Amino acid sequence: MNDPGHDHIEEPESDETRKERVDRELGELLQGLRVAVTGVQVLFAFLLTLPFAAGFHKLDSGGRWLFFISLLSAALASVLFITPAAQHRLLFRTPLKEKMLHRANTLGIAGAVGLAIAMTSSVALVAETVINAWPAALFGGAVALSSAWFWILQPILDLHRTRDVTS
């Protein structure tokens, strides 16, 4: 898989060898994933306890679907964020580090999408429970739009702007 950040943009020259660059980039990526995995695991742990809480049985069909979407999205995001670290352990000291770096980048993006879905549906679930349906859609939509803009669309726009400037 290709890393979209390196296909279009020339990096400034440095004294790093290719191996040193891959080592550094993999370390930076794994560190970023450690930050993301903490957040998704807290959300996932909360969601796992929710069905055992008093009042959960009062959720209507829409609330139960929001819960189920939140739970599955948080679980998937956890798997995607943890995969690079698990694969790093399995592929330690093999010549596959650069392949692992590109794969981890893709998994991190997919994990961010899963986390955005989990956060959106969790906020909508809480808003539906506390207020009612239309504010739930409004607040869930605000989370969805915010995460889509900051995590995906803004960086893609930056890539296109940078490509236009360097072309």
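Bear in mind that the values here come from a model prediction, so they are computed numbers and not experimental data. (Residues numbered from 1 in each chain as written. Predicted model: local features only at pLDDT ≥ 70, side-chain atom pairs only at ≥ 80, totals over all residues. Heavy atoms only, no water.)

### Some points on the overall build of the protein
Piece 1. Helix and strand counts for the protein stand at five helices and zero strands.
Piece 2. Against the compact-globule benchmark of 15 Å for 167 residues, the protein has a radius of gyration of 19 Å, which places it well outside the compact range.
Piece 3. Overall, the C-alpha framework of the protein stretches about 60 × 40 × 20 Å when taken along its three principal axes.
Piece 4. Looking at the protein as a whole, 33% of its 167 residues qualify as buried.
Piece 5. In the protein, once contacts between residues fewer than 6 apart in sequence are set aside, the share between residues at least 24 apart is 74%.
Piece 6. A total accessible area of about 10,700 Å² is found for the protein, and carbon and sulfur atoms account for 67% of it.
Piece 7. Considering the protein, the positive charge centre built from 14 side chains and the negative charge centre built from 16 side chains are found 10 Å apart. (Helix = DSSP H or I, 4+ residues; strand = E, 2+ residues; numbered from the N terminus. Rg over C-alpha atoms; globule rule 2.2 N^0.38 Å. Buried < 20%, exposed > 50% of the residue type's maximum accessible area, 1.4 Å probe, protein only. Contact = heavy atoms within 4.5 Å. Areas by Shrake-Rupley, 256 points an atom, 1.4 Å probe, with all protein chains shown as cover. Lys, Arg positive; Asp, Glu negative; His and termini not counted. Charge placed at Lys NZ, Arg CZ, Asp CG, Glu CD.)

### A closer look at the packing of aromatic side chains
Each aromatic ring pair is specified by the distance between its two centres and by the angle formed by the two planes.
Piece 1. For the structure shown, the criterion picks out two aromatic pairs.
Piece 2. Seen from their ring centres, Phe56 and Phe67 are 5.1 Å apart, and the 75° between their planes marks the pair as edge-to-face. A residue pair is termed long-range when its members are at least 10 positions apart, and Phe56 in the loop between α2 (18-49) and α3 (61-90) and Phe67 in helix α3 qualify at eleven residues.
Piece 3. The interplanar angle of 85° and the centroid separation of 6.1 Å between the aromatic rings of Trp65 and Phe68 together place this pair among those described as edge-to-face. Of the two residues, Trp65 and Phe68 are both situated in helix α3; the distance of three residues between them amounts to about one turn of the helix.
Piece 4. You can call Phe68 partly exposed: its relative accessible area is 40%. (Phe/Tyr/Trp six-rings, centres within 6.5 Å; stacked < 30°, edge-to-face > 60°.)

### A closer look at the nonpolar core
Piece 1. Residues Val40, Leu47, Leu50, Phe67, Phe81, Leu115 and Leu125 are the most contacted members of the largest nonpolar core, which totals 26 residues.
Piece 2. For this core, the elements supplying multiple residues, two or more each, are α2, α3 and α4 (97-130).
Piece 3. With ten residues, α2 is the single largest residue contributor to this core. (Core = buried A, V, L, I, M, F, W, Y, C linked by side-chain atoms within 4.5 Å.)

### So, α2
Piece 1. Taking 1.5 Å of rise per residue, the 32 residues of α2 would be expected to cover 46 Å, and the 46 Å separating its terminal C-alpha atoms lies within 8% of that figure.
Piece 2. Within α2 the residues assigned to the buried category are Arg21, Val22, Glu25, Leu26, Leu29, Leu30, Leu33, Ala36, Val37, Val40, Leu43 and Leu47. (Expected span 1.5 Å × (residues − 1).)

### Structural notes on the packing of α3 against α4
Piece 1. Packing of α3 against α4 leaves a shortest axis separation of 7 Å and a crossing angle of 160°. The angle between α3 and α4 places the two elements in the roughly antiparallel class. Note on packing geometry: the crossing formed by α3 with α4 is left-handed. (Axes fitted to C-alpha atoms, helices over the stretch in contact; angles between N-to-C directions. Parallel < 35°, antiparallel > 145°, perpendicular 65-115°, else oblique. Left-handed = near helix turned anticlockwise from the far one by under 90°.)

### Description of the packing of α2 against α3
Piece 1. Relative to each other, α2 and α3 sit at 150°, their axes nearing to 9 Å. Relative to α3, the element α2 lies roughly antiparallel. As α2 runs across α3, the sense of the crossing is left-handed. Together, Leu26, Leu30, Leu33, Ala36, Val37, Val40, Gln41, Phe44, Leu47 and Leu48 of α2 and Phe67, Ser70, Leu71, Ala74, Ala75, Ala77, Ser78, Phe81, Ile82, Pro84, Ala85 and His88 of α3 make up the contact between the two elements.

Interpretation note: all reported values are geometric properties and have no functional meaning in isolation.
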